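Each chain, written out:
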Amino acid sequence: MKLIYTDSLVVGAGLAGLRVAIASKERGLDTVVLSLIPAKRSHSAAAQGGMQASLGNTVKGMGDDEDVHFQDTVKGSDWGCDQEVARMFAHCAPKAVRELANWGVPWTRVTKGPREVVVNAQKVTIEEAEAAHGLINARDFGGTKKWRTCYTADGTGHSLLYAVDNKAISLDIPVHERIEALALIHDGTRCHGVVARCLITGELRAYIAKSTTIATGGYGRIYEVSTNAIICEGIGQALALETGVAKLGNMEAVQFHPTAIVPVGILTTEGCRGDGGLLRDKDGHRFMPDYEPEKKELASRDVVSRRMTEHIRKGQGVDSPYGPHLWLDITLLGRKHVETNLREVKEICENFLGIDPAKDWIPVRPTQHYSMGGIRTDATGQSPQLKGLFSVGEAACWDMHGFNRLGGNSLAETVVGGMIIGKYVADFCQQNTLEINTALVEKFVNQVRSEIDDLVEGQGSESAFDIKLEMQRIMMDYVGIFRNGPELQKAVDELQALLLRSRNIGLTCKKRHANPELVEALRVKRMLKVALTVACGAEARTESRGAHAREDFPQRNDKEWLNRTLSSWPSADATLPVLDYEQLDVMKMELPPGYRGYGINNAIAHPDTEKREQQISEILSQLPDDADRYARQHALMPFEVPPSLQEKNERLHDKSLSNRAQLGDEAK
Amino acid sequence: MSQGRTLTFNIFRYDPQEPGDKPKMVKYQLEEAPGMTVFIALNMLREKQDPSLQFDFVCRAGICGSCAMVINGYPTLACRTLTSKYPKGEITLMPLPGFELIGDLSVNTGKFMRELAERLKLWLHPRQDEIDIHRIEAPMAPEEAAKLYELDRCVECGVCVSACATKQMRDTFVGAVGMMKIARFELDSRDARSVEDFYHVIGNQDGVFGCMTLLGCQDNCPKDLPHMQQIAYLRRKMAGALV
Amino acid sequence: MSLTRHNSKLSGWLDLSQSLTGVILTLFLWTHLLLVSSILLGGDAMTLVAKTMELSFLSADGHGYPWVVTIIAVVVAVLALIHVLVAVHKMPLNLAQQRALRKQMTVISHGDTKLWVWQAITGVGIFLLLPVHLWLIGSAPETIGPIGSADRIWNQGVWMVYLPLLLCVELHAAIGLYRVAIKWGAEKALNHRARIKKIKTIVSVVFVVIGIASLLAFLPYASQ
């Protein structure tokens, strides 16, 4: 048995994982990162559009600050998020952007003077300030009041991932590539590391660590068509789930992106619509204004996806051999814009569709895109149930997204969450000792070994590939954009049956080293459990909130459902997760539940909402007249971030104010 | 477009870890589907015909650079190669030459790229290590940012390395990917390194002076990066440092 | 430290000198061929050229100094030697390198790499044939006129050297010059690679044609 000891173990080498590893290493901790693939191939690279941070440099971002970003995020989440976490996030996002600039990210910059942009299908000229010249630019994204999405052309995720991985290389952080974690080592209260398998040699290793951070991304691949990379299979969530101790949060909260190309499901960035692209139906009609007259194409993602599905159901979709779709029209942006700012989109259209998006419309439809749910953590990123287990990024339910994530907030979460949680992970490693219980380690290694033995030597007859496809189809058919009780029940039943069948998987390729079939078998068994948490959570939640839309319960029901679904897996033999709920306390919210601004306001109010609103106006009225926005915020909902991140963010706007104040002083 | 025709795949098979296994070409046949890519085809082959077939895909959208392989004599990204591109319906797949072979079509490009980055110190060496992240960032010329992003688009797929005869002959040669990245940091006004510093790293036979300008890199790069321009630029810059 | 630094400077100079000697030799080659092709205008024209080469206009008796030709031959030899010594560094010298190259070229088809292989092959050809040519001329500088040349080429059978040398050298030089343009990358050259490549091919063909025509043009003088 090969044992590897370290202080801070990180599973997953995408942006979030690497950022935590860097934070650990900077504290002088021994750090090891495990990854299925080379770090720079992680799915973070696919985030094209950008990351939200309220820098407020561009003229269309003037007046932006943490408060506006916070409000957008909470509204976007349909009040499902943890507001303190959303505050921590909004506060640290500008810091992360500025830090990344020093690590090499070539953020697109503001050019002073007039600039032509497309807003609401009209060409508009905006005038950028002299003082903003060369500062980090931002573009418009759905669900935001201001232009806040910082970007590098259309390869933001790519350039961030490369800069952060380069930083990790410069710090000499080892990334063990082609290593797959298969079980967490834990004693019921504390996590001690993972059992992992080398995908090349098949060797089993135990990584023993003070802290174990899961940053393995989402679980999109439990769906047949997803914009996610094919490695986003929810194995990180399954690792936590299989402990029987750690819990997953809001697994039913699954986002569908409005514009993935048909049929392959590759994403075209929200930047297409942010920059002025339109959605059209089979008659070429721009239909979004009919449904959402105010926000139109730039309504929140869940809203646009549902409206598109509605419109297709009305028979307005374009027929194709792969089912109906709609059109995304970016031709009005002009060739130059498409070829510079949306080049990845252009490449994708050329390579996978054989069309020229500067001239042709792009066939799109809503497609699984993001997992708001994940390993439930507290505000420091640690599992409340299993000490020493941390999670960050899409893998986690840190919960700044609630039931719907805003475009540009996921990439932001990876580096901002990584920055914050990285510091808490480092604190944890410094405050705790390495506990080594070889008997415990051996127990977990043996479990994995016998699982592999059973697969390779056993008499199982089921095909891992077939079971996976069936699971993916069930999720597509019954746990999609619009959901209802009977279908969800069907999904639960069928997934349960599949889980039983998965215990009888047999392999035709008996190799113990590099064996893709073995990898598939090990994964599908875990994915099924994750899929069941999604289906069960969705079945139980009899309301509609954010991306979770129940046809049989179309109202948001704050009275009964202002809570977070927690799922755990009771025992190895179980075939269903156990659900329980964590209430969101309205009396602690800075922004009590309200109207999100889409469709009709039909939410069933929480009894505390009115009380809290009253309390808020009282608190604010008691503040001195000169209380600034920070003081007002603090009075309503104090939040904590690590000391080195507490300072206020400076903005161009503040700077001109303070300059003016200084001048005023001198005049006196 | 021809639909429903039968495609013939000739695939390089070899498992270096299997005792006694020898490299060989194996023929597979598959019904073509509309819009089929080599990614889709390989997965179908693995699922239906041979579960031991090894290959690497991650994003399957031409973004991550995992799936470079040699398709009918041209190294490229398999995920975005449509099978309809081959009118004869014969497709030969070989692993990228010049990398450690993991098995079949899977090669260890990740290890290569990490070692290269460590050797050439391919990261930004900022002028100040610590910046005040709470204050307004230092401005940068918008044109410079745009230019840097152009060079930052490399996905480390390894195509330039495999397409470079110089690299194949001389293992220590840094290849286009190394030079492109050096050029990217050389152009970055935030980087503190001087021309001499860069000279020290690539002003030699393994670097810019060992390149024979065969342009396999330029002609095969799936991201159409300007290798030719950048390497020429570096060479002039380094030659300038001679005198 | 100082040693590696020195070494790394050296490789820079080597690379530069390969390009430089290549360009000079190419320019010389083309000039040389144009001068020789004066035979196409007749024996008198060529005699005039040959005499001018020998700097006859400087000598009182109008016979010139044939040793000038020897000196040119020596200079060309030295340049060529430098060029070879530097270039040889980049050739696949050992078996492992040759094997790697062959493997790569069978797996991946790439035009410019094939061009380079042709350049290497023609380089070897030049390496074998050029010394013969230089020796013949350098050791008998007074025979570069039409009669002497014709005698050498056709009566003494040196065409068997000149014809392959002509083919090798014209291919090698044009490909080389194309590569130098791309290698050092004048911005315009880079933007017009395809066009340069076409020019390169045309230049090769034109000079080969001129060369062969000149060789044939010597035939009548050989029988005199």
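Residues numbered from 1 in each chain as written. Chains lettered and ligands numbered in written order. Predicted model: local features only at pLDDT ≥ 70, side-chain atom pairs only at ≥ 80, totals over all residues. Heavy atoms only, no water.

## Considering the nonpolar core
Phase 1: Ranked by size, the top nonpolar core spans 94 residues in total, and within it A:Met51, A:Leu100, A:Trp107, A:Leu160, A:Ile330, A:Ile362 and A:Val416 carry the most contacts.
Phase 2: The element contributing the most residues to this core is helix α11 (residues 409-431) of chain A, with twelve residues.
Phase 3: Excluding residues that lie within four positions of it along the chain, A:Leu100 makes contacts with A:Met51, A:Val105, A:Trp107, A:Leu160, A:Val164 and A:Val415.
Phase 4: Counting 82 residues, the second-largest nonpolar core is a separate cluster that includes A:Cys191, A:Leu440, A:Leu522 and B:Ile102. (Core = buried A, V, L, I, M, F, W, Y, C linked by side-chain atoms within 4.5 Å. Buried < 20%, exposed > 50% of the residue type's maximum accessible area, 1.4 Å probe, protein only. Helix = DSSP H or I, 4+ residues; strand = E, 2+ residues; numbered from the N terminus. Contact = heavy atoms within 4.5 Å.)

## Observations concerning the sheet that holds strand β15 (residues 362-371) of chain A
Residues and elements named next belong to chain A.
Phase 1: Taken in spatial order, the four strands make up an open sheet running β12-β15-β14-β13, and their pairing is antiparallel. What marks the edges here is a single partner per strand, and that holds for β12 (254-261) and β13 (278-280). Put simply, the sheet's adjacent strands are angled 45° from each other on average, direction ignored.
Phase 2: As paired strands, strand β14 (residues 326-329) and β15 are joined by three bridges and run antiparallel to one another. Counterpart to Leu 328 in the pairing with β15 is Ile 362. (Pairing = 2+ DSSP bridges. Axes fitted to C-alpha atoms, helices over the stretch in contact; angles between N-to-C directions.)

## Notes on the environment of A:Gly373
Residues and elements named next belong to chain A.
Phase 1: Within the secondary structure, Gly 373 is located in the loop between β15 and β16 (374-376).
Phase 2: Using a relative accessible area of 0% as the deciding quantity, one classes Gly 373 as buried.
Phase 3: The spacing of Gly 373 and Asn 404 is 31 residues in sequence and 9.9 Å in space, taken between C-alpha atoms.
Phase 4: Setting aside chain neighbours within four positions, we find Gly 373 in contact with Tyr 219, Gln 237, Gly 249, Asn 250, Met 251, Ala 253, Glu 394, Ala 396 and Cys 397.

## Details of the UniProt feature "transmembrane region" (unreviewed entry) in chain C
Residue and element names in this part refer to chain C.
Phase 1: Mapped onto this structure's residue numbering, the UniProt feature "transmembrane region" (unreviewed entry) falls at residues 20-43, 63-88, 115-137, 157-181 and 202-222.
Phase 2: Within the segment residues 63-88, helix and strand shares are 85% and 0% respectively, and the terminal C-alpha atoms sit 41 Å apart.
Phase 3: This span, residues 157-181, is 92% helix and 0% strand, and a straight line between its end C-alpha atoms measures 37 Å. (UniProt positions renumbered as here; feature names shortened; annotations may be inferred.)

## Comments concerning the environment of C:Thr122
Residues and elements named next belong to chain C.
Phase 1: The topology assignment puts Thr 122 in helix α5 (residues 111-139).
Phase 2: Exposure remark for Thr 122: the relative accessible area of 4% places this residue in the buried category.
Phase 3: Separated by 45 residues in sequence, Thr 122 and Leu 167 place their C-alpha atoms 8.2 Å apart.
Phase 4: Discounting chain neighbours no more than four positions away, the residues touching Thr 122 are Cys 168, Leu 171 and His 172.

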